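# Analysis of the macromolecular model
Each chain is listed here by its residues.
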Amino acid sequence: MTDPSLLVARREVIQRVRRPSFLVITGLLVVLVLAGGVIAAVVDDDSSPSHDVGIVTSGEPGSTDLEDLGFVSALTNLAAADDTDVVTTGFASRSDAEGALAAGRIDVVVDVGARTETWQGSIDDSLGSLVDIAWQASASADAARAAGLNDAQISDILSPEPLAATVIDPDDDDTVGVLVGFASAILLFFSITTFGSYVLTGVVEEKTTGVIEVLLSHVRAHQLMAGKVVGIGAVALVQFAATVAAALVSLRISGIEVPTEIWVGLPATIGWFIGGFLLYSTLFALAGSFVSRMEDAQGAAAPITAAFMIGYILVFTFGSDPTSTVARVLSVLPPFAPLLMPLRMVTGAAAVVDVAVAAVLLVLSVVGMIRLAGSIYARTLLHRGSRLRWRDALRRTESLTG
Amino acid sequence: MGRLHTVLRVDGVSKRFGATQALDEVSLAVPSGRIVGFLGPNGSGKTTTMRAIMGLVATDQGSITWHGEPITDEMRHRFGYMPAERGMYPKMRVREQLVYFSRLAGSGRVDAENAADHWLARMGLTERADDEVQALSSGNQQRLQLAISLVHEPDLLVLDEPFSGLDPVAVETMKALLVEEVERGVTVLLSSHQLDLVSDVCRDVVIVNRGRVVLDGAVDGIRRRAPTRHVVATVASGDVAAFGVPDPSWEVVGRAEHEVRLRIPSDCDAEEAFAAVAAIGPVVEFAFSAPALSEVFIESVGEVGRS
């Protein structure tokens, strides 16, 4: 005989997955997260764009070979050092070059002979300074050469040994980590709230439709609760894991440099999600068993929602400084760990011992909560009429059905 | 009834909800392969008793046994239950729902699917198999509800108000179906607050009021033991208004131009009654009967109230 909890869980999975809303929301989340990565990749490309510089060579005495021009070689060297892509194109006349500028094929015209630069519309700051510095360098080299210095001497003067730079106590640039941490906290909050409320309304629906009586004539209350939480949790997990996987792919294709902790911390959010979901949805199931009408459901769940909301606010209060003592202490406490610890992990702020303690405490509280809820559930599930108070529910020693 | 083997026995069961004594030493016995009617007005304790049988209510005292043993979860898988409030998932498909409940009661997948198809056909719901339950008419929902209680081929059916909300044709269909199931060997305990509705399918009844059993036994026996008889007579001519009762224990309960209705003690027979009304004029119609179950109930409740 199949375990009744598995039958209950299976029913929940089938009923949830079949709804168009689940597929639409999951698809939307994955697409949005992937789109974020693609957009970031495109924006990132724009930050090191290719510049086209037109060189008018007609007025230059002697060589008209572009590579032989001091200015062009200086510009090419500077661009390479600056990780900027600069393409130089030679033009026989200034009017040809300005025609290309007007047509948008090149960004600037430099007339080496006339010592002019011509722009269309406005001066591009980064390219402008590159052109200016290249010009100074090549002019200085020309002057030095005219003064009788050889190439080695000129190179010594123009490219001195740079200052050796040392940074004491370097600032961590964990912006990406914090952003990913916030994003995962938002996703965790969204998923646990959404699917937790499915557990809540699912329990209330079984009470309002009366189906609970037929169910309980074959299944024990705690089996029913376990099946519901696991079934809806499995569906939630699929959506959550798909979004996290999309986020990993998205970060990879974005080309953004990310802290290495993210590659461990982000997949680990799935574990925090499982713990957080089990903890909160068990409470949601319990809240659902206190009421007989759908209108009362949210009221019964209010204390749980409030606790969860506090955790969410704490993420944004302490999240920007994930190494602080307060953040460290809060991230270990079971009600807040599922939201705070992922953020501390992806930013690299969490020590291994923090993670271990938080995980152990969360697992213990989940086990305790399931046991406690299972025993209360059997006594509250058949309750009818007005909403039970949490205090009364904990005190109940017998069923109030009638 | 003594020669019949009792399968379900509720013995001295009491249950108190706060200040309300819902059940006060309720006892009843259901013999194998019979339909027992569990009757009483709303709020008399029928539902609580049935929930106690299904393990949904913990009782304060007394025992409930199946074949002489306290009921276990395993035994309860062999029970079929139809609660008064009904209970189905409105958004679940019809066939899936039947398969689901069959499997919860312990059937394997293939057996559950075959049983679901069998019951869909029997209830005339095969074409609605993939519809959501909420799309069914209330009559079809009721049929599906009954199918859910039967889909795992239970040995005992506990039906709480199975006829409420049904039109007369549907009531007859459901009665016929129950009789068929009983012929298969199922034992049925069904409750109703419409006492006379079930008197033709239930040979035995247990009548409760305010948590106490006030009458039980075979329907015909209960009616026969009633202290009164009803007489309805129609005369072709004569002065009905001038008719006087021959004995103060007789009571005229109704008069029309050609009709008189009497309630007389049960120790008077039909001949005496006929002779009395024939004094008015030629009798063209005459009925002499034991009171209906509901009347017996009302009378017995009155006595309980006085004592």
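Conventions used here
- Residues numbered from 1 in each chain as written.
- Chains lettered and ligands numbered in written order.
- Predicted model: local features only at pLDDT ≥ 70, side-chain atom pairs only at ≥ 80, totals over all residues.
- Heavy atoms only, no water.
- Helix = DSSP H or I, 4+ residues; strand = E, 2+ residues; numbered from the N terminus.
- Rg over C-alpha atoms; globule rule 2.2 N^0.38 Å.
- Contact = heavy atoms within 4.5 Å.
- Areas by Shrake-Rupley, 256 points an atom, 1.4 Å probe, with all protein chains shown as cover.
- Lys, Arg positive; Asp, Glu negative; His and termini not counted.
- Charge placed at Lys NZ, Arg CZ, Asp CG, Glu CD.
- 1 Å grid on protein atoms, 1.4 Å probe; cavity = no way out; pocket = protein on both sides within 12 Å on 5 of 7 lines; lining within 4 Å.
- Points joined across faces, edges and corners; volume = space filled by probe spheres on them.
- Nonpolar A, V, L, I, M, F, W, Y, C, P; charged D, E, K, R; others polar.
- Pairing = 2+ DSSP bridges.
- Buried area = accessible area lost by both parts, 1.4 Å probe.
- Salt bridge = Lys/Arg side-chain N within 4 Å of Asp/Glu carboxyl O.
- Polar contact = N/O pair within 3.5 Å; in protein donor to acceptor, adjacent residues only side chain to side chain.
- Phe/Tyr/Trp six-rings, centres within 6.5 Å; stacked < 30°, edge-to-face > 60°.

### Quick look at the overall build of chain A
- Secondary structure assignment for chain A yields 15 helices and four strands.
- Taking 21 Å as the expected radius of gyration for a compact globule of 402 residues, we find that chain A reaches 33 Å, considerably beyond that expectation.
- The principal-axis extent of the C-alpha atoms belonging to chain A is close to 110 × 45 × 35 Å.
- For chain A, contacts bridging at least 24 residues in sequence account for 72% of all contacts bridging at least 6.
- When the accessible surface of chain A is summed, it comes to about 19,500 Å², and 62% of that surface belongs to carbon and sulfur atoms.
- Averaged over its 24 positive side-chain charges, chain A has a centre that lies 31 Å from the centre of its 41 negative ones.

### With respect to the layout of surface pockets
Residue and element names in this part refer to chain A.
- A volume near 450 Å³ is recorded for the second largest pocket.
- Taken together, 21 residues make up the lining of the second largest pocket; nearest its centre are Val 33, Val 180, Ala 183, Ala 247 and Ser 250.
- Elements represented by at least two residues in the lining of the second largest pocket include exactly α2 (20-47), α7 (175-208) and α9 (221-254).
- If you tally residues by element for the lining of the second largest pocket, the top one is α7, at seven residues.
- Partitioning the lining of the second largest pocket into residue classes produces 15 nonpolar, six polar and no charged.

### A few points about the pairing of strand β4 (residues 116-119) of chain A
Residues and elements named next belong to chain A.
- Pairing of strand β3 (residues 108-111) with β4 involves four bridges; the strand directions are antiparallel. Bridging from a neighbouring strand, Val 109 pairs with Thr 118 of β4.
- In this structure, the hairpin formed by β3 and β4 is closed by a connection of four residues, where Arg 115 is found at a positive phi of approximately 55 degrees.

### Remarks on the interface of chain B and chain A
- Opposite the 34 residues of chain B that make contact, chain A presents 31 residues.
- It is Leu 56, Tyr 89 and Leu 104 of chain B in chain B that bury the most area against chain A; as a group they hold 22% of the surface buried on that side.
- Linking chain B with chain A are three salt bridges.
- The closest approach of N and O atoms between Arg 51 of chain B and Glu 213 of chain A, which form a salt bridge, is 2.6 Å.
- Where chain B touches chain A, the interface holds seven residue pairs in polar contact (both at pLDDT 80 or more).

### Structural notes on the packing of aromatic side chains
Residues and elements named next belong to chain A.
- Using the criterion set out here, one finds 13 aromatic pairs over all chains in the structure.
- Taking 5.1 Å as the distance between ring centres and 20 degrees as the angle between the ring planes, the aromatic pair formed by Phe 189 and Phe 308 counts as stacked. One end of the pair, Phe 189, is in helix α7; the other, Phe 308, is in helix α11 (residues 294-318), with 119 residues separating them in the sequence.
- Consider the rings of Tyr 280 and Phe 308, whose centres lie 4.3 Å apart with planes at 45 degrees: the pair is tilted. Of this pair, Tyr 280 sits in helix α10 (residues 261-289) while Phe 308 sits in helix α11, placing them 28 residues apart in sequence.

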